[in-house]
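# Breakdown of the fold
Letter by letter, the chains look like this.
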Amino acid sequence: MNIRVEQPAVEVHDLTVSYQNRPILWGVDLTLPQGALVGIMGPNGAGKSTLLKSMMGLLPLSSGYIHLFGQPLAQVRARVSYVPQRESVDWDFPASVLDVVLMGRYGKLGLFSRPRQSDRDIAHDCIRKVGLENLAHRQIAQLSGGQQQRVFLARALAQKADLYLMDEPFAGVDATTEAAIVDLVRELKQQGKTVVMVHHDLQSASRYFDWLLLLNQRLVASGPTHQVFVPEHLQEAYGGKLTLLAQMGELMKQGNYPAREK
Ligand SMILES: Nc1ncnc2c1ncn2[C@@H]1O[C@H](COP(=O)(O)OP(=O)(O)OP(=O)(O)O)[C@@H](O)[C@H]1O
Ligand SMILES: [Mg+2]
């Protein structure tokens, strides 16, 4: 009998990543299930962006391996989409919103083939989905920060990937844009896609994510949100930083602090 056990979307084994021989991530082991909304959380400098970049093959690994859908990245690149942290991008590059979103289709095109009408239709559809239809022909340098974030999202959507890796998609966006992004991401999940995003706001974490990964150079915890989002793990990840303690107090006052698993 042919039993098919579903592959995890991401498998990280014994991962160590260093900059100039100084390890930033140490011995990280984790698996992320397909179809989950995964939050990566941890303090500044914890290695969250480093982990996403490692998954995208952008950094050399000092040890370990990363498999996506059971295979090395090279075999599944077309199924993976990456939204970098907004500050890390050159927004003066002369390109329109449509140009950038069409880039999301290039992975599906041959090297020298021009985008087809169907690619343009998909790009326009994705631009509409993020509410930028009136700005499709505007230069990206002339957009606000929140609009730029939406362009990135539209480009990722246009890729029609199975795994989305997003580095702080909510940074610098207003509440309306954040809500719109959350809706889009939930729609992706409905379609069976996996979304992994770096997130900073503890208040919304347990509402947004069904799987949580806490990082502080080492992996503190990875699992279903209700198991991971507990004071012990948060303390370990954030080391009792004042802002965190304040936020935890606020959550407890609101009465929605998650109970510890029995
Ligand atoms: N190219 C680089 N060269 C040297 N050190 C780096 C480089 N990129 C990142 N680092 C260092 O590695 C550590 C982890 O960086 P990383 O960007 O992964 O953190 P992060 O968890 O994403 O933080 P933030 O919440 O501020 O985005 C930091 O101490 C950072 O200074
Ligand atoms: Mg980062």
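These figures come from a predicted structure and were not determined experimentally.

The subject of this paragraph is the sheet that holds strand 1 (residues 10-19). On the basis of which strands lie adjacent, the open sheet formed by 3 strands has the order 2-1-4 and antiparallel pairing. A strand with exactly one partner marks an edge of an open sheet, and here the two such strands are strand 2 (22-32) and strand 4 (63-68). Put simply, the sheet's adjacent strands are angled 25° from each other on average, direction ignored.

This paragraph deals with the nonpolar core. Ranked by size, the top nonpolar core spans 70 residues in total, and within it Val38, Val101 and Ala154 carry the most contacts. No other element matches helix 5 (residues 145-158), which puts 7 residues into this core. Discounting residues that sit within four places of it in the chain, Val38 has contacts with Leu32, Val195, Val196, Phe209, Trp211 and Leu213.

Relative to each other, helix 5 and helix 6 (residues 175-190) sit at 10°, their axes nearing to 11 Å. Considering the angle they form, helix 5 stands roughly parallel to helix 6. Across the interface between the two elements, Gly146, Gln149, Arg150 and Leu153 of helix 5 pack against Thr177, Ile181 and Leu184 of helix 6. Considering only residue class, the contact of helix 5 with helix 6 consists of 3 nonpolar, 3 polar and 1 charged.

What the 6 strands build is an open sheet, ordered 5-6-7-3-8-9; its pairing is mixed. Single-partner strands in this sheet number two, and they are strand 5 (80-83) and strand 9 (218-224). Going across the sheet, the axis of each strand differs from the next one's by a mean of 15°, ignoring polarity. Relative to strand 7 (residues 194-198), strand 3 (residues 37-41) runs parallel, the two sharing 4 bridges. Among the inter-strand pairings, Val38 is bridged to a residue of strand 7, identified as Val196. Set on the sheet, helix 6 makes contact with strand 3, strand 6 (163-167) and strand 7; between it and strand 7 the angle comes to about 145°.

Parameters and conventions
- Residues numbered from 1 in each chain as written.
- Chains lettered and ligands numbered in written order.
- Predicted model: local features only at pLDDT ≥ 70, side-chain atom pairs only at ≥ 80, totals over all residues.
- Pairing = 2+ DSSP bridges.
- Helix = DSSP H or I, 4+ residues; strand = E, 2+ residues; numbered from the N terminus.
- Axes fitted to C-alpha atoms, helices over the stretch in contact; angles between N-to-C directions.
- Core = buried A, V, L, I, M, F, W, Y, C linked by C-beta atoms within 7 Å.
- Buried ≥ 20, exposed ≤ 12 C-beta atoms within 10 Å, placed from the backbone.
- Contact = placed C-beta atoms within 7 Å.
- Parallel < 35°, antiparallel > 145°, perpendicular 65-115°, else oblique.
- Nonpolar A, V, L, I, M, F, W, Y, C, P; charged D, E, K, R; others polar.

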